[in-house]
Amino acid sequence: MTDQILIFDTTLRDGEQSPGCSMNLEEKLRVAAQLEALGVDIIEAGFAIASDGDFEAVQAVAQQCQRAVVASLARAARADIERAAAALKVAKRPRIHTFIATSPLHMKVKLNKSPEQVLESIRESVSLARNLVDDVEWSAEDATRSEPEFLARAIETAIRAGARTINLPDTVGYATPETYGAMFRDMIARVSNADLAIFSTHCHNDLGLGVANTLAAVAAGARQVESTINGIGERAGNAAVEEIAMALKVRHDVLPWRTGIVSTEITRASRLISAVTGMHVQPNKAIVGANAFAHESGIHQDGMLKDSSTYEIMTPESVGQSHSSLVLGKHSGRAAFKDKLESLGYQLSDNEFQDAFQRFKALADAKKQVFDEDIVALVDDEVLRGHDRIQVTEVEVYCGSTGPQRAILTLSIDGEEVTAATKGNGPVDALFNAVKKLVPHDEATLQLYEVSAVTAGADAQAEVSVVLAENGRTVRGVGAHNDTLVASARAYVNALNKLVVKRGRSALAA
Ligand SMILES: [Zn+2]
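Parameters at a glance
The residue numbering used here restarts from 1 in each chain and proceeds along that chain's sequence as written. For a predicted model such as this one, the threshold for reporting local features is a pLDDT of at least 70, and the threshold for listing and counting side-chain atom pairs is 80 or more; totals across whole chains, interfaces and linings nevertheless cover every residue. Excluded from the side-chain calculation are hydrogens and water; included are all heavy atoms of the structure. Put simply, a nonpolar core is a bunch of buried Ala, Val, Leu, Ile, Met, Phe, Trp, Tyr and Cys residues held in one set by side-chain atoms that sit within 4.5 Å of each other. Working definition: with a 1.4 Å probe on protein chains only, accessible area under 20% of the residue-type maximum means buried, over 50% means exposed, and in between means partly exposed. Helix and strand labels come from DSSP, where a helix needs a run of H or I of at least four residues and a strand needs a run of E of at least two; each type is numbered from the N terminus. By definition, residues are in contact when any of their heavy atoms lie within 4.5 Å. UniProt positions are given in the numbering used here, feature names are shortened, and annotations may be inferred rather than shown by experiment. Charge assignment: positive for Lys and Arg, negative for Asp and Glu; neither His nor the chain ends contribute. A pair is scored as a salt bridge if a Lys or Arg side-chain nitrogen falls within 4 Å of a carboxyl oxygen belonging to Asp or Glu. In protein, a polar contact requires one atom able to donate a hydrogen and another able to accept it; more generally it is a pair of N or O atoms within 3.5 Å, and residues adjacent in sequence count only if both atoms are side-chain atoms.

Draft legend 1. Inspection of the nonpolar core at higher detail. Of all hydrophobic cores here, the largest spans 90 residues; its most connected members are I96, I122, W138, I155, I166, L168 and F184. Sort the elements by how many residues they give to this core and helix α7 (residues 148–160) lands first, with seven residues. Ranked by size, the runner-up nonpolar core spans 30 residues in total, among them I390, A420, A434 and A462.

Spelled out as structure tokens, the structure:
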């Protein structure tokens, strides 16, 4: 058996499905490009039948990807599978990923099907998919709560119908390493045609065991792992790809398997996902948290200065963190800025570069030292918002101890400028009222408003996150600026853009 583990990335599907994590087309394409740079083997680009937007996204990612296999999810239904195949038509290496539930609870309550009917569905759906593409993956939804006898029959049926990857997800995050590993061992031994397929893991983190379960399944013979950047995903998220890849790399002595992950691209991928989804990584998160390589206690610092391996099991450079964070100032020119962008992994178009450079100069004037983190926040803010239909043009706020606070806000909506002056209970309220006046969205409620500093110091840039909810949909917006209120307006408007994308075109006010 090979020691190579295939990495199936589902950041764009399972990850994007998590609350507040929606991405637009441009964002998905940027993520897909970074996933290829990171070296993942398969990119699950979406669920083609879910909406026209999902279909277009799968198609565009399929078109863009040069090396990775591109997959679309499909339920066990003709329309789903045909839609997936249509979206993947332009892919160099298409894969249809079809699934059906196999646990007694799901078959009865959700599908209202007998076990025999489920087997029939597997036969039909996998055969149909195999007629449309060569590479078919089949998943047994809720595998960890399925009866082993029936699960084995289902797997055998899927392989006989042409599936070459068999995924056994822990859909509800219920497994433990021992039970999950045992299930793989049992199925690989029990299913007569198991040698024709690659077995795959898909672990959720409800008990914080996603990565541990994944590694247990690998030890039991799984050779594909499904995971996401930063571990984003439904509920408590999926197993994090950066943790799996680094565990295999750092502990190769006891975990003797390899992945194609280019570990120095990990930090870049993590930052990009944070930027496009607005979901920040907790500071103590393994591998990619802000504190993952920070040493504060005196004893640790002393040891680090003598020999970094005293307290460091891997180097920050090995996951793509640049060594010194201090970079540019107001005398830095275009060339230095361009170099810096390249070292941070950005490839900007000429227009994007001009805009980013202007904002960098403005920031360098306001702030003595410009750090890598500042540049990442600034460029993400500039580039990722560049495609938004509604943009913040100008912000003016009057605030202080005697109210009411007032705001004058100019937005550009599809290129046309509109201005409103409003009052509010505090400057942020006044500002958000101005947005509401210009783009009415009475049904949406503000769920979260959060300000954090990009770096230390009183002159640090503010990064603001905003979550808006409307009819059960939540969207998250982010904005960065050295003026907290400008960052607030940008974050709110960014979230609003995502809401508008979700509702379709008609919702924009004149
Ligand atoms: Zn999942």
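Text resumes after the structure shown.
Draft legend 2. Fine view of the environment of V70. The topology assignment puts V70 in strand β3 (residues 69–75). The exposure class of V70 is buried, given its relative accessible area of 2%. Spatially, the C-alpha atoms of V70 and F371 are 36 Å apart, while their sequence positions differ by 301 residues.

Draft legend 3. Highlighting the side chain of S227. Structurally, S227 is set in strand β8 (residues 224–227). Residue classification places S227 among the buried residues on the basis of a relative accessible area of 0%. Non-local contacts of S227, meaning those with residues more than four positions away in its chain, are made with I7, F8, D9, T10, T11, A239, A240, V241 and I244.

Draft legend 4. Focus on the UniProt feature "domain: Pyruvate carboxyltransferase" (unreviewed entry) in the chain. Here the UniProt-annotated "domain: Pyruvate carboxyltransferase" (unreviewed entry) positions come out as residues 5–267. What you have in residues 5–267 is 44% helix and 18% strand, and the ends, taken at the C-alpha atoms, are 21 Å apart.

Draft legend 5. Broad picture of the side chain of E226. Note that E226 resides in strand β8. In this structure E226 is buried but unpaired, with R13 as the nearest side chain of opposite charge at 5.4 Å. A polar contact is formed between the side chain of E226 and the side chain of S200, at a distance of 3.4 Å. A distance of 3.2 Å separates a polar atom in the side chain of E226 from a polar atom in the side chain of Q224. Ignoring any residue separated from it by four or fewer positions in sequence, one finds E226 in contact with F8, H97, E137, N167, S200, T201, H202 and C203.

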